[in-house]
Each structure stands twice: as structure tokens, then as C-alpha cells.
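Given next are the chains, with one letter for each unit.
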Amino acid sequence: MNDVYTPIVVLLAIAAAFVAVSVVTSVLVGPRRYNRAKYESYECGIQPTPHAVGGGRVPMKYYITAMLFIVFDIEIVFLYPWAVSFDQLGTFALVEMVLFVLTVFIAYVYVLRRGGLEWD
């Protein structure tokens, strides 16, 4: 039973060693120049503005973009295994996937018409 887990443990040890060596190397070799711009928050090309202590107001478009990403990411998660086993599935699976993609497409058109993808 232990022989089964040996390759997994070896792979995890190699991965951990790689991470440790990479982090230590970047600390030792990397530049140590202080730059104020490095430590400011990055807001998608928008100049950062000072916020209140608890944070500030964030435009809803950030949240809409995040939700769209999640929706299309979940679509791919469902679409990929279906595409891999397409030959083994029947007509029912094809109809179900067409309905699923159609539902996601309707949501995409709704967001597109509401201006969710337009950045002013």
C-alpha cells in the first residue's frame, strides 16, 4: 500500500523544493529598489484615489465583470467533459447541452444589451 503513495510524496517534495528555491532565489537575486508606484494599489489602469479607512465605493461594473467571468468559467467546466465523452452520450445529452448553452447565451445577450460590457 505504501508503494502506491511513494510517487505522489516524491512529486509533492519536488514541488515544495521548487517553490522554496524559487522564493529564496527571487529574494536574494531580485532588485531592492524602493518605488512608490510598486506599493500603490492597481485599479485596472485607473489612477488610484485615496479611499476612506473602510474602503471606498467600487463601481458595479467590477462586480458584473467578475460574475460574467464566473458564469462563462462554469460553462466551460460543464462543456469540456461533455465534449470529451460526446461519442458515448446520446441525443438527450446533445439536447441538454444545447439548452444549457442557449441559456448562457441569453444571459450574455441580456448583459450586452444592458451595457454591462461597455466601459466608459
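As a convention, each chain's residues are numbered from 1 in the sequence order in which they are written. Since the coordinates come from a predicted model, pLDDT governs what is reported: local features require at least 70, and pairs of side-chain atoms require 80 or more to be given and counted, while whole-chain, interface and lining totals use all residues. Remark: hydrogens and water are excluded; side-chain values derive from all non-hydrogen atoms of the structure.

The number of helices and strands found in the chain is three helices and zero strands. Numbered from the N terminus, helices here are DSSP runs of H or I no shorter than four residues, and strands are runs of E no shorter than two. Secondary structure elements in the chain, listed N-terminal to C-terminal, are α-α-α. The buried share among the 120 residues of the chain stands at 8%. A contact between two residues is defined here by any heavy atoms of the two lying within 4.5 Å. Across the chain, every contact between residues at least 6 apart in sequence was considered, and the portion connecting residues at least 24 apart equals 45%. Carbon and sulfur atoms provide 70% of the accessible area of the chain, an area that totals close to 10800 Å². Per-residue accessibility, obtained with a 1.4 Å probe over protein chains only, is compared with the maximum for each type, and a residue is labelled buried under 20%, exposed over 50%, and partly exposed between these values. Note on areas: Shrake-Rupley with a 1.4 Å probe; residue coverage comes only from the protein chains shown.

Here we take up the UniProt feature "transmembrane region" (unreviewed entry) in the chain. UniProt positions are given in the numbering used here, feature names are shortened, and annotations may be inferred rather than shown by experiment. Feature annotation in UniProt assigns "transmembrane region" (unreviewed entry) to the following positions: residues 6-29, 62-83 and 89-111. Secondary structure content for residues 89-111 is 91% helix and 0% strand, and the end C-alpha separation is 32 Å.

This brings us to helix α2 (residues 60-84). Over its 25 residues, α2 extends 37 Å from the first C-alpha to the last, a length consistent with the 36 Å expected when each residue adds 1.5 Å. Buried within α2 we find Leu68, Glu75 and Trp82. Buried-residue contacts for α2 involve α3 (91-114). Here a helix's expected span is defined as the number of its residues, less one, multiplied by 1.5 Å.

It is worth spelling out the packing of aromatic side chains at this point. Only the six-membered ring of Trp is used, alongside the rings of Phe and Tyr, when aromatic pairs are assigned; centres must lie within 6.5 Å, and planes under 30 degrees apart are stacked while those over 60 apart are edge-to-face, with the rest tilted. Counted by the stated rule, this structure contains four aromatic pairs. The interplanar angle of 80° and the centroid separation of 5.7 Å between the aromatic rings of phenylalanine 78 and phenylalanine 100 together place this pair among those described as edge-to-face. Of this pair, phenylalanine 78 sits in helix α2 while phenylalanine 100 is found in helix α3, placing the two residues 22 residues apart along the sequence. Members of the aromatic cluster, each reached through a chain of ring pairs, are Phe72, Phe105 and Tyr108.

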